[in-house]
Amino acid sequence: MLSYIGRSCQLAPALKGSTQAVANGLKNVIPASSQVRYAHTDVQVPDFGAYRRNDVQDPRAKSGDTAASRLAFTYMMVGGGTVSGIYAAKSIVTEFVSSMSASADVLALAKIEIKTDEIPEGKSVTFKWRGKPLFIRHRTEEEIAKEGAVDVGSLRDPQADAERCENPKWLVVIGVCTHLGCVPIADAGDYGGYYCPCHGSHYDTAGRIRKGPAPLNLEIPPYVFAEDGLLIVG
Amino acid sequence: MAGVIGKLYQNVFRRTSSFVLAAIFGAFMFERGFDMVSDGVFENINQGKLWKHIKHSYGQQEEGGDEEEE
Amino acid sequence: MATVGRVSRGATTFLKVSPSAVSLQSVANVSTLKNGLNGKKTFLGLLGVVGGGAAGLAFALNESVKASDLTLHTSNFPWSHNGYFSSLDHASIRRGYEVYKNVCAACHSMKYIAFRNLIGVSHTESEAKAEAEAIQVKDGPDEEGNMFERPGKLSDYFPNPYTNDEAARSANNGALPPDLSYITSARHGGENYIFSLLTGYCDPPAGVQVREGLYYNPYFPGGAIGMAQALYNEVMEYSDGTPATSSQMAKDVATFLKWASEPEHDQRKRMALKALMMFSLLFAITYYIKRHKWSVLKSRKIAYKPVK
């Protein structure tokens, strides 16, 4: 806008002068005061060297010869800006998104370590894990043999014993009855595993539902056996 | 130099699609490089003070340790 | 740019006011303030600045001779983490933890610091686990509803030496030992204050009476502190063999407490370095692009020549 006004202003007298000159050319009545000069020899062109690139510093140099490299340089700068902009934006976004993940104190409680050698054979021990009871049972040989021999097809929630226990000696289940969420009692019920006192669900020593209203086997949390008898749940 | 840059312009920068692809690929490279350089500078400034510099002196059992410090 | 601005101002006026020639000079004269008014403004402004400065100086001089507080202000010590990009000294944090455990923990709690926080800062995971297992934590209730004691875990926080604040007060002549988790952020002077306080115990000057059960420390506001001097040379031994002088212990424990208050300290300075590097790069590129885009505008000359 600025330049438009400036330019039209500047040209206004010239345009007027030229129409007059054409219209009145034959009559030869051009007043001396409205003389029009088209060659602007009086306008000093400043030195724009500071704004020229090295390739075209010399006004006689052909700009076409170096156009590609000059363009490439500018695009390279723009590309560099884009690249670092992407990096900065990514860092900021990651920072904000990661603030939504679980905090360190929650994560610290998400895993528990259990020393398996403290649990005697044939006993079920209860731990607290993420606010829920966790049953860990050190099974005897005869319990392993008994559960292994069960016909999987006869079960309500068919799962083989080997599927439920990574290490046959150890059963790791969440102690929440799958019926209505009561905590079953260990070493009780018709199958020697767990018995839910609320509505009488019987689980065997592999935590499978055998009798009663519960629809599913006891849930198995993720766990790994670390070295020297350490069991890590979570 | 001008030749290489000219080639770069002809083959990469002229087309918007290839320019954008180059920028994204460059961002991956840049992230790695920049993190490596800046972490390197930081660790060089704080040579001997960070945990990674003194960690090795505390093995399984801490015993004496001959790291001398200030 | 100046040329363009003035020309356009002249041009718009020219268009609005009248189509005949209004000289640029006259427009400029109308639109600027009169010189006389300018001078008066300058004088008033100068008067304001000089008057305000003089009042401030008088106030400062007056304040400087007031004996308003008898607290000795701590000096700034040359901590190795003072620089803009200087991290904490982690060997010092580790020694500071030993000082805290052996000396401070007898009275002061650090209830916001867990043993897991030590991992990767001053201890390896197994060491931190061993530290945690050395304490007994009350947990429960168990199946029978009883509370029980168990060895600490990594997720446990540092133990509190007293069961509650009242017990802490009654054991310390009514003074409550503050929790040290955020102490360097909670005291003026931060780690400098901690160092000065721990090493600043001395006999009270003549005329200062210190009540029974209190101790004199010039760095403590009021001078009388409920905590006795805790750090003496060789009051404990460092596991890394550093001579346990009282100033060494004070320095280490102050560094440890600085870390406890600002566990993000190192990360913050690392980020600062990265951000500064990143922004200087972006600034350079932005400057180039700005020049590139403006070169067309900057290298244009628009002149207006009024018709005589």
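Residues numbered from 1 in each chain as written. Chains lettered and ligands numbered in written order. Predicted model: local features only at pLDDT ≥ 70, side-chain atom pairs only at ≥ 80, totals over all residues. Heavy atoms only, no water.

### Notes on the interface of chain C and chain B
- Taken together, the contact pairs 30 residues of chain C with 24 residues of chain B.
- Carbon and sulfur atoms supply 55% of the area buried between chain C and chain B, which totals about 2,300 Å² over both sides.
- Here chain C and chain B share four salt bridges between them.
- Seen at the junction of chain C and chain B, the total is eight residue pairs in polar contact (both at pLDDT 80 or more).
- At the level of elements, α4 (90–102) and α10 (265–298) of chain C are the ones that each hand at least two residues to the side of chain C that touches chain B.
- Per element, the largest residue contribution to the side of chain C that touches chain B is eight residues, and it comes from α10 of chain C.
- Residue composition of the side of chain C that touches chain B, grouped by class: eight nonpolar, 11 polar and 11 charged. (Contact = heavy atoms within 4.5 Å. Buried area = accessible area lost by both parts, 1.4 Å probe. Salt bridge = Lys/Arg side-chain N within 4 Å of Asp/Glu carboxyl O. Polar contact = N/O pair within 3.5 Å; in protein donor to acceptor, adjacent residues only side chain to side chain. Helix = DSSP H or I, 4+ residues; strand = E, 2+ residues; numbered from the N terminus. Nonpolar A, V, L, I, M, F, W, Y, C, P; charged D, E, K, R; others polar.)

### Looking at the state of the cysteines
Residues and elements named next belong to chain A.
- A complete count under the given rule lists one disulfide over all chains for this structure.
- Between the sulfur atoms of cysteine 182 and its disulfide mate cysteine 198 the distance is 2.0 Å. Between cysteine 182 and cysteine 198 the sulfur-sulfur dihedral comes to about -100 degrees; the bridge is accordingly left-handed. One end of the pair, cysteine 182, is in the loop between β4 (170–174) and β5 (185–186); the other, cysteine 198, is in the loop between β6 (192–196) and β7 (201–204), and 16 residues separate them in sequence. (Disulfide = S-S within 2.5 Å.)

### Remarks on the packing of aromatic side chains
- In this structure the tally under the stated criterion is 19 aromatic pairs over all chains.
- Taking 5.4 Å as the distance between ring centres and 85 degrees as the angle between the ring planes, the aromatic pair formed by phenylalanine 73 of chain A and tyrosine 288 of chain C counts as edge-to-face. You can see phenylalanine 73 of chain A sitting in helix α2 (residues 63–98) and its partner tyrosine 288 of chain C sitting in helix α10, one on each of two chains.
- Here phenylalanine 73 of chain A falls in the partly exposed class, since its relative accessible area comes to 35%. (Phe/Tyr/Trp six-rings, centres within 6.5 Å; stacked < 30°, edge-to-face > 60°. Buried < 20%, exposed > 50% of the residue type's maximum accessible area, 1.4 Å probe, protein only.)

### What to know about the sheet that holds strand β1 (residues 112–115) of chain A
Residue and element names in this part refer to chain A.
- Strand order in the open sheet formed by three strands is β1-β10-β9, and the pairing between neighbours is antiparallel. Each end of this open sheet is capped by a strand with a single partner; those strands are β1 and β9 (223–226). Strand-to-strand, the axes of this sheet are offset by a mean angle of 25 degrees, without reference to chain direction.
- Bridging between β1 and strand β10 (residues 230–233) involves four bridges; their strand directions are antiparallel. Residue pairing across strands places isoleucine 114 opposite leucine 231, the latter belonging to β10. (Pairing = 2+ DSSP bridges. Axes fitted to C-alpha atoms, helices over the stretch in contact; angles between N-to-C directions.)

### Let's talk about unusual backbone geometry
Residue and element names in this part refer to chain C.
- Backbone geometry at asparagine 173 places phi at a positive 55 degrees, although glycine is not the residue there.
- Structurally, the position occupied by asparagine 173 is in the loop between α6 (165–171) and α7 (183–186).
- Asparagine 173 gets classed as exposed once you look at its relative accessible area, which sits at 67%.
- Backbone geometry at glutamate 234 places phi at a positive 60 degrees, although glycine is not the residue there.
- Along the chain, glutamate 234 falls in the loop between β4 (224–225) and α9 (246–261).
- The class for glutamate 234 is exposed, based on a relative accessible area of 53%.

### Examining the packing of helix α8 (residues 190–199) of chain C against α9 of chain C
All names here are of chain C.
- At their nearest, the axes of α8 and α9 sit 9 Å apart, and the two run at 150 degrees to each other. As far as their axial angle goes, α9 and α8 are roughly antiparallel. At the point where α8 passes α9, the crossing takes the right-handed sense. Seen from α8, the contacting residues are Glu191, Ile194, Phe195, Leu198 and Thr199; seen from α9, they are Ser246, Ser247, Ala250, Lys251, Val253, Ala254, Leu257 and Lys258.
- Considering only residue class, the contact of α8 with α9 consists of seven nonpolar, three polar and three charged. (Parallel < 35°, antiparallel > 145°, perpendicular 65-115°, else oblique. Left-handed = near helix turned anticlockwise from the far one by under 90°.)

### Quick notes on the sheet that holds strand β2 (residues 124–129) of chain A
All names here are of chain A.
- Pairing in this open sheet of three strands is antiparallel, and the strands run β2-β3-β4 from one edge to the other. Every interior strand has two partners, whereas the edge strands, β2 and β4, have only one. Averaged over all pairs of adjacent strands, the angle between strand axes in this sheet comes to 20 degrees, irrespective of strand direction.
- The sheet contact formed by β2 and strand β3 (residues 132–138) spans six bridges and is antiparallel.

### Details of the UniProt feature "transmembrane region" (unreviewed entry) in chain B
- The residues that UniProt annotates with the feature "transmembrane region" (unreviewed entry) are residues 12–30 of chain B.
- Annotation note: span residues 12–30 of chain B, helix share 89%, strand share 0%, distance between end C-alpha atoms 18 Å. (UniProt positions renumbered as here; feature names shortened; annotations may be inferred.)

### Observations concerning the UniProt feature "domain: Rieske" (unreviewed entry) in chain A
- With numbering matched to this structure, UniProt assigns "domain: Rieske" (unreviewed entry) to residues 137–232 of chain A.
- End C-alpha atoms of residues 137–232 of chain A are separated by 14 Å, and the span's content is 12% helix alongside 29% strand.

### Side note on helix α2 (residues 16–45) of chain B
- When the terminal C-alpha atoms of α2 of chain B are compared, their 41 Å separation across 30 residues agrees well with the 44 Å that a helix rising 1.5 Å per residue should span.
- Residues of α2 of chain B that are buried: Ser18, Phe19, Ala23, Gly26, Ala27, Glu31, Phe34, Ser38, Phe42 and Glu43 of chain B. (Expected span 1.5 Å × (residues − 1).)

### Topic: the confidence of the model for chain A
Residues and elements named next belong to chain A.
- Here chain A shows a mean pLDDT of 77. Residues at 70 or above account for 82%.
- Highest mean pLDDT in chain A belongs to α2 (89); lowest belongs to helix α1 (residues 2–23) (45).
- Every residue in residues 1–9 scores below 50 in pLDDT, and together they form 10 contacts with partners more than four places removed in sequence or on other chains.
- Predicted confidence is poor over residues 14–30, with pLDDT under 50, and the contacts of this stretch with residues over four places away or in other chains come to seven contacts. (pLDDT = per-residue confidence, 0-100.)

### What about the pattern of salt bridges?
- Under the counting rule described, the total for this entry stands at 25 salt bridges over all chains.
- A salt bridge links glutamate 113 of chain A to lysine 129 of chain C, with the shortest nitrogen-to-oxygen separation between them at 3.3 Å. Separated into two different chains, glutamate 113 of chain A in strand β1 and lysine 129 of chain C in helix α5 (residues 125–133) make up a pair that spans both.
- Judged by relative accessible area, which is 22%, lysine 129 of chain C ranks as partly exposed.
- Among the ionic pairs, aspartate 252 of chain C bridges to lysine 251 of chain C, the shortest N-O distance being 3.7 Å. There is no split in this pair, since aspartate 252 of chain C and lysine 251 of chain C are both buried.
- Residues participating in the shared-partner salt-bridge network are Asp35, Asp39, Glu43 and Lys52 of chain B together with Arg270 and Lys274 of chain C.

### Points about α8 of chain C
Residues and elements named next belong to chain C.
- Among the 10 residues that make up α8, nine are buried, leaving the element largely enclosed by the rest of the structure.
- The complete set of buried residues in α8 reads Gly190, Glu191, Asn192, Tyr193, Ile194, Phe195, Ser196, Leu197 and Leu198.
- Tucked into the core, α8 has its buried residues touching α7, β4 and α9.

### Comments concerning a negative patch on the surface
Residues and elements named next belong to chain A.
- A surface patch of negative charge is lined by Asp117, Glu118, Glu227 and Asp228.
- Of note, glutamate 227 is situated in the loop between β9 and β10.
- Judged by relative accessible area, glutamate 227 falls into the exposed class, the value being 57%. (Patch = residues over 30% accessible without salt bridge, like charges linked within 9 Å, V, L, I, M, F, W, Y side chains within 5 Å. Areas by Shrake-Rupley, 256 points an atom, 1.4 Å probe, with all protein chains shown as cover. Lys, Arg positive; Asp, Glu negative; His and termini not counted. Charge placed at Lys NZ, Arg CZ, Asp CG, Glu CD.)

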